Amino acid sequence: MHRAEILGSLFGILRRKLVTLFLILSSIALSAACGGSAVQTQKVPSTIGASIPSNIHKIKHVVIIMQENRSFDSYFGTFPGADGIPVKNGTPTVCVPDPQTNQCMKPFHNPKDLNYGAPHRAADAKKDINGGKMDGFIRQEFDGRKRSCQNNFDPACSHSSKDIPPDVMGYHDAREIPNYWKYAQEFSLQDHMFEPNASYSLPAHLYMVSGWSAKCSVPDDPMSCRNALQRPDPPPDSKKLLRKSSEQAQSQIKPPNYAWTDLTYLLHKNNVSWGYYVSKGEEPDCRNGDMYCTHLHQSSTTPGLWNPLPYFDTVKQNDQISNVQDVSSFYKATKGGSLPAVSWVVPNGKNSEHPPALVSDGQSYVTGVINSVMRSPEWDSTAIFLAWDDWGGFYDHVVPPEIDKNGYGLRVPAMVISPYARKGYIDHQTLSFDAYLKFIEDDFLNGQRLDPQTDGRPDSRPDVRENAPQLGNLVKDFDFNQKPRSPIILSEHPKPGPASKKG
């Protein structure tokens, strides 16, 4: 390490300690001013835990299954009772301009198992939304096809754009995704779940585990971090890591600097178990959200857009990198009744549903994960949160709400599957992945938030997303007074369901 880097690292550590000391001294002064004799090491709002229903603690295991690249309308736009594609007399009343035909294309049923989608960077989200007109989707799809294509992971690489009509306006229903529709019918579907920020997979997954996507200028200094919705530090190229056999050679590759606080810090601090389970294979997304790229290898021990936790300072400092494991460990845990309190389960490229991965492969994989939980002796105390990390360029008609300068992004499919989930319930609350953090914090941490003023590890995040007044509460998707419902084991290779009725 160069001298400048050593000095920068020492400065960052000293800066963080000074901020923490300031908070401690402020708390002591407040205690003295109030006549209290006990020394408080951190300021904890009196409202923490005050409004948490006691029966939420019937949930002892939360499993977050995060798939990829589908908008709500593309999967549930014709689901009965949901805020889906606007129709009149069975015909969609919305359309998006096609720059090649100069016609306006309406949403259409797409029976194809292989879809293509479109770019899904922050710039693409802005153009898709187009100031609330929600009409840039086809234009962005064609724009993405003009970019150089580097591998055959996407079959579009071997076809010209003339051979492939735009499919971002296509939607599926029970004919293609019968299990997803069955889960929605039997449990709770959320029709206003927005990705936490308008961008691609890495920022979405950083939000999923930490409530923020940032870039830090000083190693080990959480106060040096600033917003990075499109370009947070990516994990190093795993192919370069595999080629660098020696530890010394690998140390020359610069790792990302995730110095801000993630949820595992609070979990570890409160002796709450967690696991992050990764499926071996190709990464399911391109870095920076491009449509085409050379896809990299991922596993529990290699870097990946879907495997960011090993690069968080807190995970390294707490010696919990071993909690990031292969997905096979998840299946062993469900079978043996040893699920941690919090689990994240992420796919590989083949079963991710990221175009051009087959929809059927993703549905089979997710069904297998859910079946393993339902067969577990811990099913009666588990909540599964199933979602897709970003919209993937596919059409959605709902304008994302403005929560803060960081989000939200476009709508994605999401649901709650649990023995206590309301049957056939459609949750219309405004939600994002911040709601997952909020539920976990309420259930296992008595409402403690990733709040630099109270969590004992200050960082420079601009706000506490779990406390946004617009954010709904996942508790509403449960009926904790009902008798725990029996598992619903579905085939991993189901037959097509019936066609949906529009309007």
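For the structure itself, look to the data block above.
**Section: the overall build of the protein**
Point 1. Looking only at helices and strands, the protein features 13 helices and 20 strands.
Point 2. Looking at the protein as a whole, 59% of its 503 residues are labelled buried.
Point 3. Within the protein, contacts between residues at least 6 apart in sequence are counted, and of these 81% link residues at least 24 apart.
Point 4. Of the accessible surface of the protein, which amounts to about 20,400 Å², a share of 53% is contributed by carbon and sulfur atoms.

**A few points about the environment of D477**
Point 1. With respect to the helices and strands, D477 occurs in the segment after α13 (434–444).
Point 2. As a C-alpha pair, D477 and D427 span 50 residues in sequence and 6.8 Å in three-dimensional space.
Point 3. Not counting chain neighbours up to four residues away, the residues in contact with D477 comprise S188, Q190, V416, Y420, A421, R422, Y425, D427 and Q429.

**As for the side chain of D389**
Point 1. Looking at the secondary structure, you find D389 in the loop between β17 (382–388) and β18 (414–417).
Point 2. Here D389 sits buried without a salt bridge, and the closest side chain of opposite charge, R70, lies 9.1 Å off (N-O distance).
Point 3. Engagement of the side chain of D389 in a polar contact is seen with the side chain of S201, the distance being 2.7 Å.

**Some thoughts on helix α4 (residues 137–145)**
Point 1. The buried fraction of α4 amounts to seven of the nine residues, a majority that puts the element mostly inside the structure.
Point 2. Of the positions making up α4, those classed as buried are F137, I138, Q140, E141, F142, G144 and R145.

**Considering the state of the cysteines**
Two cysteines, two sulfur atoms, one covalent bond between them: this is a disulfide.
Point 1. One pass over the full model with this rule turns up two disulfides.
Point 2. With a sulfur-sulfur separation of 2.0 Å, C216 is cross-linked through a disulfide to C225. Handedness of the C216-C225 disulfide follows from its S-S torsion of about 95 degrees: it is right-handed.
Point 3. On the basis of relative accessible area, C216 is assigned to the buried category, the value being 7%.

Calculation notes
Residues numbered from 1 in each chain as written. Predicted model: local features only at pLDDT ≥ 70, side-chain atom pairs only at ≥ 80, totals over all residues. Heavy atoms only, no water. Helix = DSSP H or I, 4+ residues; strand = E, 2+ residues; numbered from the N terminus. Buried < 20%, exposed > 50% of the residue type's maximum accessible area, 1.4 Å probe, protein only. Contact = heavy atoms within 4.5 Å. Areas by Shrake-Rupley, 256 points an atom, 1.4 Å probe, with all protein chains shown as cover. Lys, Arg positive; Asp, Glu negative; His and termini not counted. Salt bridge = Lys/Arg side-chain N within 4 Å of Asp/Glu carboxyl O. Polar contact = N/O pair within 3.5 Å; in protein donor to acceptor, adjacent residues only side chain to side chain. Disulfide = S-S within 2.5 Å.

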